[in-house]
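Each chain is listed here by its residues.
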Amino acid sequence: MTHGTDSIDSPIYGTFGNGSGRSPEPEPQYSLKMFGEVVKTFRKRARLTQEQFAPLVGYSLETVASVEQGRRLPPPDFAERADSILDAFGVILAAAKHLTRRKGLASWFRQWAELELSALSLYTYECRLIPGLLQTAAYARTLFADRLPPLGDEEIEARLAARLERQQLLRSRPNTAFSFILEEHLFLRDLGGDEVTRELIDHILDLSELRNVEVQIMPLVRHHHVAIDGPMQLLETPEHQWFGYLEGQMYGQFVSDPKVVSVIQMRCARMRSQALSLDDSKSLMRRMRGAR
């Protein structure tokens, strides 16, 4: 993920940031609601209902409704199609240039975070830190406080607020399937100390009781491991498109090439068989909790 860019650098990978707080300045707050109102106004001017407009623009009714309500980032070609279909004189295209900025979310992470808002399924493997959607406030605050270069107090609070807001997805989208595979050593690291780790384990155990959330642990000793190349995420959109997201020390890659996405899908599937079962994962977390 590059420092503050929204561009996609190649047909395969787009560079735009990571979810662990390694960013330049987070973007200032701009609402998606204004863009949605612009689209809705021109749609009504054209005397089209959402049901009539959706097939014309080439997206589902749910996507159109979410865009108009300001709840999600419009797909890449949505603005261009909408502007042409609604004869909007370039107004929709102009409005699209000022989209998606949210306080506390760095520019390189905005696109993936917006896709999360309407995803049908989200698969995450992590070997470096507990994923943002599963973090407690204390754990996240520790991560932000340890950042180098150091973050100011206001920036830490803004990022923490944005992270906690994202976590509402787990409960507000019960029809989205969330699957997490976490390395055992993430808990053994004891980041933030015993109290923070105990709270973290309790929190993840509570979340794992949700019907739409699965948490598996990759044990510390495993003779076969298909994801040694690093963390990865896989996401399915309401239009049944699949995208991947790969992260490194300083940069991340948005993956849209179907061939590369297929590789991530194969690795995610194999990882689910190599990790502990759901019940065994819960048992291991309870044992780690009791050992503290």
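Refer to the preceding data block for the structure.
Remember, it's a predicted structure, so these values are computed and weren't measured experimentally.

(A) Seen up close, the overall build of the protein chain. When helices and strands are counted, the protein chain shows 13 helices and 7 strands. Looking at the protein chain as a whole, 51% of its 292 residues are labelled buried. Accessible surface, the protein chain as shown: approximately 14200 Å² in total, 52% of it carbon and sulfur.

(B) The arrangement of the pairing of strand β6 (residues 242–247) in detail. Strand direction decides the pairing type here: strand β5 (residues 232–236) and β6, joined by 5 bridges, are antiparallel. Across the sheet, residue Leu 234 finds its bridge partner in β6, namely Gly 244. Where β5 folds back on β6, the antiparallel hairpin that results is connected by 5 residues, among which His 240 adopts a positive phi of roughly 65°. For β6 and strand β7 (residues 252–255), the ladder comprises 4 bridges, and the chain directions are antiparallel. Each residue of the ladder has a partner; that of Gly 244, found in β7, is Val 255.

(C) Summary view of the packing of aromatic side chains. Under the counting rule described, the total for this entry stands at 4 aromatic pairs. Aromatic side chains Tyr 59 and Phe 78 sit 6.1 Å apart centroid to centroid with 50° between the ring planes, which places their arrangement in the tilted category. Of this pair, Tyr 59 sits in the loop between α2 (50–57) and α3 (61–68) while Phe 78 sits in helix α4 (residues 78–85), placing them 19 residues apart in sequence. Considered together, Tyr 59 and Phe 78 belong to a single accessibility category, that of buried residues. Here the aromatic residues Phe 53, Tyr 59 and Phe 78 are joined through ring pairs into a cluster of three or more.

(D) Molecular detail of the packing of α2 against α3. Two elements in contact, α2 and α3, have axes separated by 8 Å at closest approach and are oriented at 105°. When the interaxial angle is binned, α2 and α3 end up roughly perpendicular. Contacts between α2 and α3 involve Gln 50, Glu 51, Phe 53, Ala 54 and Val 57 from the former and Leu 61, Val 64, Ala 65 and Glu 68 from the latter.

(E) Summary view of helix α13 (residues 278–290). Relative to the 18 Å expected for 13 residues at 1.5 Å per residue, α13 spans 18 Å between its end C-alpha atoms, a close match to the ideal helical length. At its buried positions, α13 is contacted by α10 (185–188), α11 (194–207) and β4 (213–218).

(F) Region of the structure containing the side chain of Thr 237. For Thr 237, the location among the structural elements is in the loop between β5 and β6. A relative accessible area of 4% means that Thr 237 is categorised as buried. For Thr 237, the residues in contact, after removing those within four places along its chain, are Leu 120 and Phe 243.

The rules behind these values
Residues numbered from 1 in each chain as written. Predicted model: local features only at pLDDT ≥ 70, side-chain atom pairs only at ≥ 80, totals over all residues. Heavy atoms only, no water. Helix = DSSP H or I, 4+ residues; strand = E, 2+ residues; numbered from the N terminus. Buried < 20%, exposed > 50% of the residue type's maximum accessible area, 1.4 Å probe, protein only. Areas by Shrake-Rupley, 256 points an atom, 1.4 Å probe, with all protein chains shown as cover. Pairing = 2+ DSSP bridges. Phe/Tyr/Trp six-rings, centres within 6.5 Å; stacked < 30°, edge-to-face > 60°. Axes fitted to C-alpha atoms, helices over the stretch in contact; angles between N-to-C directions. Parallel < 35°, antiparallel > 145°, perpendicular 65-115°, else oblique. Contact = heavy atoms within 4.5 Å. Expected span 1.5 Å × (residues − 1).

Keep in mind these values describe shape, not function.
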